[in-house]
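What follows is the residue order along each chain.
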Amino acid sequence: MNSLRHRHRSVIGLSVLALLITVAGCSSADDSASAAVPSPGAKVTGLCRNLDEALPSKVDGQGRRDPEPASALTAGWGNPAIILRCGVIRPAKMNDPEADGVEVNGVGWLLQKEDDGSFRFTTTLRKAYVEVTLPKERTGDGMAPLVDLATSVKKAIPEGIAD
């Protein structure tokens, strides 16, 4: 059984996280959205299809604009796009006891700052791993995207350990 050993920080104040994310800076917008489509097993694919049906039409005030190639395992909002991928593999960083995590409206997320200035959040303790990437141009949005997605994740992806 995989042990999810990482430091979990319950609900970081929005202003603290907004400050942390704002440090990443801003740059020009991306013209097109694309996302690699995960290839999970049948059980996780079913959960991800349920999530796709439950996702909101807007995230952080941005309308849905799904990335290419089109798939029920990916979704996007705005330009530059906030990208969601469902059924991703478990990030190795979840084995790091020093990894940062946040909880937003009952959904736990591993927080990772990427080299390009974007932030990647991956659900923890769910039957499928859901990844949300905030491009560096949207890092000032704070927790709003995760707040908007929490209800859908809780509805479609049960708590537990992904296979």
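Residues numbered from 1 in each chain as written. Predicted model: local features only at pLDDT ≥ 70, side-chain atom pairs only at ≥ 80, totals over all residues. Heavy atoms only, no water.

**Focus on the pattern of salt bridges**
A side chain with one charge may pair with a side chain of the opposite charge, provided their charged atoms come close.
Step number 1: What the rule picks out here adds up to 6 salt bridges.
Step number 2: Ionic pairing is found between Arg120 and Glu114, a salt bridge with its closest N-O pair at 3.3 Å.
Step number 3: Residue Arg120 pairs with Glu131 through a salt bridge whose shortest N-O separation is 4.0 Å. Placement of the pair is Arg120 in strand 7 (residues 119-124) and Glu131 in strand 8 (residues 130-134), with a sequence separation of 11 residues.
Step number 4: What makes Arg120 partly exposed here is its relative accessible area of 23%.
Step number 5: Where salt bridges share partners, they join Arg85, Glu114, Arg120 and Glu131 into one cluster. (Salt bridge = Lys/Arg side-chain N within 4 Å of Asp/Glu carboxyl O. Helix = DSSP H or I, 4+ residues; strand = E, 2+ residues; numbered from the N terminus. Buried < 20%, exposed > 50% of the residue type's maximum accessible area, 1.4 Å probe, protein only.)

**Let's talk about unusual backbone geometry**
The phi torsion of most residues other than glycine is negative, and most of the peptide bonds are trans.
Step number 1: The amide bond that connects Glu68 to the next residue, Pro69, takes the cis arrangement and shows omega of -5°.
Step number 2: Assignment of secondary structure puts Pro69 in the loop between strand 2 (62-63) and strand 3 (74-77).
Step number 3: For the bond from Asn79 to Pro80, the omega torsion is 5°, close enough to zero to count as cis.
Step number 4: Tracing the sequence through the fold places Pro80 in the loop between strand 3 and strand 4 (82-86).
Step number 5: One non-glycine residue, Asn105, adopts positive backbone phi at about 50°.
Step number 6: As for its placement among the helices and strands, Asn105 is situated in the loop between strand 5 (100-104) and strand 6 (107-113).
Step number 7: The residue Leu125 is not glycine, and still its phi comes out positive at about 55°.
Step number 8: Residue placement: Leu125 occurs in the loop between strand 7 and strand 8.
Step number 9: The exposure class assigned to Leu125 is partly exposed, which follows from its relative accessible area of 44%.

**Things to note about the environment of Gly87**
Step number 1: Along the chain, Gly87 falls in the loop between strand 4 and strand 5.
Step number 2: According to the relative accessible area criterion, Gly87 is buried, its value standing at 10%.
Step number 3: In this structure the C-alpha to C-alpha distance between Gly87 and Glu131, which are 44 residues apart in sequence, comes to 8.2 Å.
Step number 4: Sequence-distant contacts of Gly87, that is, excluding residues within four places in its chain, are made with Pro38, Pro40, Val44, Cys48 and Tyr129. (Contact = heavy atoms within 4.5 Å.)

**Focus: helix 2 (residues 42-54)**
Step number 1: Helix length check: helix 2, at 13 residues, gives a terminal C-alpha distance of 19 Å against a target of 18 Å (1.5 Å per residue), a fit within 8%.
Step number 2: Along its buried surface, helix 2 packs onto strand 4, strand 8 and helix 3 (144-156). (Expected span 1.5 Å × (residues − 1).)

**Considering the sheet that holds strand 4**
Step number 1: Spatial strand order, 3-4-8-7-6-5: 6 strands in an open sheet with antiparallel pairing. Of all the strands in the sheet, the pair left with one neighbour each is strand 3 and strand 5. Each strand axis lies, on average, 25° off the axis of its neighbour in the sheet, ignoring direction.
Step number 2: Strand contacts of helix 3: strand 3, strand 4, strand 5, strand 6, strand 7 and strand 8, with the helix running at about 135° to strand 6, the strand carrying the most contacts. (Pairing = 2+ DSSP bridges. Axes fitted to C-alpha atoms, helices over the stretch in contact; angles between N-to-C directions.)

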